[in-house]
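Below are the chains, spelled out letter by letter.
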Amino acid sequence: MASTGGMTVDGDLMRYAEYSPKTSVRSDAEVDRQLGRTLIAVGLGVAAAGFAGRYAFQLWKPLGQVFSDTVKKMPTSAFSAYYKGGFEQKMSKREASLVLGISPTSTKAKVREAHRRIMVLNHPDKGGSPYLAAKINEAKDLLDKESRR
């Protein structure tokens, strides 16, 4: 082997000594063994995920039944944004505030604004119910009497 100015002569192959990577040539058998190990590891991972999923589904069946029974027993009005039930004989402050959609302690300005907003939607001349319009007016009158400025 001859060395001339940073070059190494090795048979008929010439390379720069400092830039040449150390070649580690693997044989085909070694590559096949490494690929086989990887495939076995992936296969075991998939199998473990499958068994865990099967166990979870078996566990879920009774829990799912209990959950659906509990949901069926719950009242549907608990999830409703609307007031369930009809009107009382004599309108209370609570019912009036529910009709107008405001707090029972709202000011006169808020009562008037809420009344106007709801009456625009429910006015009998615009196709609304006269009964509902009367209840809305009753709610406004009741809260107007009891509200502050």
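Every chain begins its residue count from 1, and numbering advances along the sequence as written. Only residues with pLDDT of at least 70 are given local features in this predicted model, and only at 80 or more are side-chain atom pairs given and counted; all residues enter the totals for whole chains, interfaces and linings. By convention in this description, side-chain values take in all heavy atoms of the structure and omit both hydrogens and water.

Comments concerning a nonpolar patch on the surface
Residues enter a patch when their relative accessible area is above 30% and they make no salt bridge; the linking distance is 9 Å between like charges and 5 Å between nonpolar side chains (Val, Leu, Ile, Met, Phe, Trp, Tyr). Per-residue accessibility takes into account occlusion by the displayed protein chains alone, with areas from the Shrake-Rupley method and a 1.4 Å probe. By definition here, a salt bridge exists when the distance from a side-chain nitrogen of Lys or Arg to a carboxyl oxygen of Asp or Glu is within 4 Å. A contiguous nonpolar surface patch, about 480 Å² in accessible area, is contributed by Tyr 55, Leu 59, Trp 60 and Leu 63. Only runs of H or I of at least four residues qualify as helices and only runs of E of at least two qualify as strands under DSSP, and these elements are numbered from the N terminus. Note on placement: Leu 59 falls in helix α1 (residues 28–73). Relative accessible area decides the class of each residue, using a 1.4 Å probe on protein chains only: under 20% of the type maximum gives buried, over 50% gives exposed, and in between gives partly exposed. The exposure class assigned to Leu 59 is partly exposed, which follows from its relative accessible area of 45%.

Observations concerning the packing of helix α2 (residues 93–100) against helix α4 (residues 130–146)
Axis definition: a line fitted to C-alpha atoms, over the contacting stretch in the case of helices. Angles run 0 to 180 degrees between N-to-C directions. In the contact formed by α2 and α4, the axes pass within 9 Å of each other and the chain directions differ by 120 degrees. Between α2 and α4, the crossing angle belongs to the class labelled oblique. Crossing of α2 against α4: the hand is left-handed. Contact with α2, carried on its side by Lys 93, Ala 96, Ser 97, Val 99 and Leu 100, involves Lys 135, Ile 136, Ala 139, Lys 140, Leu 142, Leu 143 and Glu 146 of α4 and no other residues of that element. Small angles under 35 degrees read as roughly parallel and large ones over 145 as roughly antiparallel, with 65 to 115 read as roughly perpendicular and the rest as oblique. Left-handed describes a crossing whose near helix is turned anticlockwise from the far helix through less than a right angle; right-handed describes the clockwise counterpart. Contact criterion: two residues are considered in contact whenever any of their non-hydrogen atoms come within 4.5 Å of each other.

A word on the pattern of salt bridges
Here the structure, examined in full by the defined rule, presents three salt bridges. Among the salt bridges present, the one from Lys 135 reaches Glu 138, with a minimum N-O distance of 3.5 Å. Taken as a pair, Lys 135 and Glu 138 lie in helix α4 at a separation of three residues, close to a single helical turn. Accessibility expressed as a relative area gives 9% for Lys 135, which makes it buried. A residue is classified by how much of its surface remains accessible, and Glu 138, at 33% relative accessible area, is partly exposed. With its nearest N and O atoms 3.3 Å apart, the salt bridge here joins Asp 144 to Lys 140. A residue pair is termed a helical-turn pair when its members lie 3 or 4 positions apart in one helix, as Asp 144 and Lys 140 do in helix α4 at four residues. In this structure Asp 144 comes out as buried when scored by relative accessible area, which is 13%.

Quick look at α1
Helices are assigned an expected span. That span is 1.5 Å times one less than the residue count. The first and last C-alpha atoms of α1 sit 66 Å apart over 46 residues, in line with the 68 Å expected at 1.5 Å per residue. The seven residues ending at a residue and the seven starting there each receive a fitted axis; the angle between those axes is the bend at that residue. The largest bend along α1 reaches roughly 35 degrees and is located at Trp 60, with the proline Pro 62 sitting one to four residues downstream.

Taken by themselves, the reported measurements are silent on function.
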